[in-house]
Amino acid sequence: MPTWLIAAGWGLVAGAALVIGAALPYVVKVPTRLVAAIMAFGSGVLISTLSFELMDEAFQRGGFGATATGFVAGAAIYSLANAWLSRRGARHRKRSGEQQPSEADHGGSGLAIAVGALLDGIPESMVIGLSLLQGGAVSTVAVIAIFLSNLPEGLSSAAGMKQAGRSPLYVFGVWGGIALMSGLAALAGYVLFAGTSPAVVAATTAVAAGAILAMLADTMIPEAFEEAHDFAGLITVIGFLAAFALSKLAG
C-alpha cells in the first residue's frame with residue numbers, strides 16, 4: 001500500500017473518533033461531569049504525547065532553534081485564529097453545557113464553530129503524516145493519543161451543539177467533514193514535507209505541538225475544570241501517565 005495512503009487512512013481513523021464521540025449524546029445521556037472527566041483524561045494524553053513524542057522527536061531531528069521557533073509560532077498562529085473565531089461565536093465550541101450560542105443568539109456562530117473545530121483538528125492530524133517521515137512508520141502512540149482525545153472532544157462539543165438547538169444534520173455534518181479533513185491533513189503532512197530537510201520537518205512538528213498545547217489551554221482544559229473541579233488535575237495526570245506508559249511500551 002502506498003505510504004501516502006497509509007497516512008490518510010490513519011488520519012481518518014483518528015478523526016473518526018470525533019464522529020463516534022458526537023453520536024454518544026444522541027444514544028445515551030452522558031452526565032456533564034463524566035464528559036468533563038473524559039475531557040481531562042484526553043487533555044493529559046495529548047500533553048504527554050506532545051511532550052515525549054512530538055517535541056522530543058523535533059529536538060532530536062532539528063535542534064533547539066527550529067523546535068522552539070516552530071513551537072511558539074504554532075501557538076501564536078492558533079491563538080490569533082482562535083481569538084478571531086471567538087469574537088464570532090465559537091469561544092465555547094468544546095463546552096457540553098449551555099454556553100454555546102444558538103444561531104438566534106449569535107448570527108454566524110454555527111459557521112464559526114465549524115471552522116473552529118476544524119482549526120482544532122488540523123494540527124493533530126498533520127502529526128500523523130509527519131510521524132511517517134520521522135520513523136518510516138506511523139507513530140502508533142500518536143494515533144492512539146489523538147483518537148483518545150478526539151472522543152471526548154466530539155462528545156463534549158456535540159452535547160453543547162445539541163443544547164444550543166443545532167440539528168443532527170449540522171452536528172454530524174461538522175464532525176463527519178472534519179473526520180474527512182483529518183485524513184487529508186495527515187496526507188498533507190506526509191506529502192508536503194517528504195524530501196524536506198530534518199530541520200523543516202522538526203519545525204513543522206513543533207508548530208503542530210504548539211498549536212495543540214494552545215488548543216488544550218484555550219478549549220479542552222477549561223471545559224474539564226469547569227465541571228470536574230478539584231478532580232480535573234488528578235484525571236489529567238492519569239491521562240498523561242497512560243500515554244507516557246504507552247510511549248515507553250511502544251518504544
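Calculation rules
Residues numbered from 1 in each chain as written. Predicted model: local features only at pLDDT ≥ 70, side-chain atom pairs only at ≥ 80, totals over all residues. Heavy atoms only, no water. Helix = DSSP H or I, 4+ residues; strand = E, 2+ residues; numbered from the N terminus. Buried < 20%, exposed > 50% of the residue type's maximum accessible area, 1.4 Å probe, protein only. Contact = heavy atoms within 4.5 Å. Areas by Shrake-Rupley, 256 points an atom, 1.4 Å probe, with all protein chains shown as cover. Expected span 1.5 Å × (residues − 1). Core = buried A, V, L, I, M, F, W, Y, C linked by side-chain atoms within 4.5 Å. Axes fitted to C-alpha atoms, helices over the stretch in contact; angles between N-to-C directions. Parallel < 35°, antiparallel > 145°, perpendicular 65-115°, else oblique. Left-handed = near helix turned anticlockwise from the far one by under 90°. Nonpolar A, V, L, I, M, F, W, Y, C, P; charged D, E, K, R; others polar.

Caption draft 1: Representation of the overall build of the chain. Secondary structure summary: the chain contains seven helices and zero strands in total. If you list the helices and strands of the chain from N to C, you get α-α-α-α-α-α-α. Here the chain holds 251 residues, and 48% of them are scored as buried. Contacts in the chain between residues at least 24 apart in sequence constitute 85% of all its contacts with a sequence separation of at least 6. Summed over all atoms, the accessible surface of the chain reaches about 10,700 Å², with 72% contributed by carbon and sulfur.

Caption draft 2: Summary view of helix α5 (residues 168-191). Taking 1.5 Å per residue as the helical rise, α5 with its 24 residues ought to reach 34 Å, and the 34 Å between its terminal C-alpha atoms agrees with that figure. Among the residues of α5, Y170, V171, V174, W175, I178, A179, S182, G183, A185, A186, G189 and Y190 are the ones counted as buried.

Caption draft 3: Molecular detail of the nonpolar core. If you look at the biggest cluster of nonpolar residues, it comprises 32 residues, and the most contacted ones within it are L46, L50, L54, V127, I128, I212 and L216. Those elements that place two or more of their residues in this core are α1 (3-27), α2 (32-90), α3 (109-135), α4 (140-163), α5 and α6 (198-228). For this core, the leading source of residues is α6, giving 11 residues. In this structure L216 touches S43, L46, I47, L50, I221 and P222, once residues within four positions along its chain are discounted.

Caption draft 4: View of the packing of α1 against α5. As a packed pair, α1 and α5 sit with axes 7 Å apart at the nearest point and diverge in direction by 160°. As far as their axial angle goes, α5 and α1 are roughly antiparallel. Read as a crossing pair, α1 and α5 show a hand that is right-handed. For the contact of α1 with α5, the class distribution of residues is 21 nonpolar, six polar and no charged.

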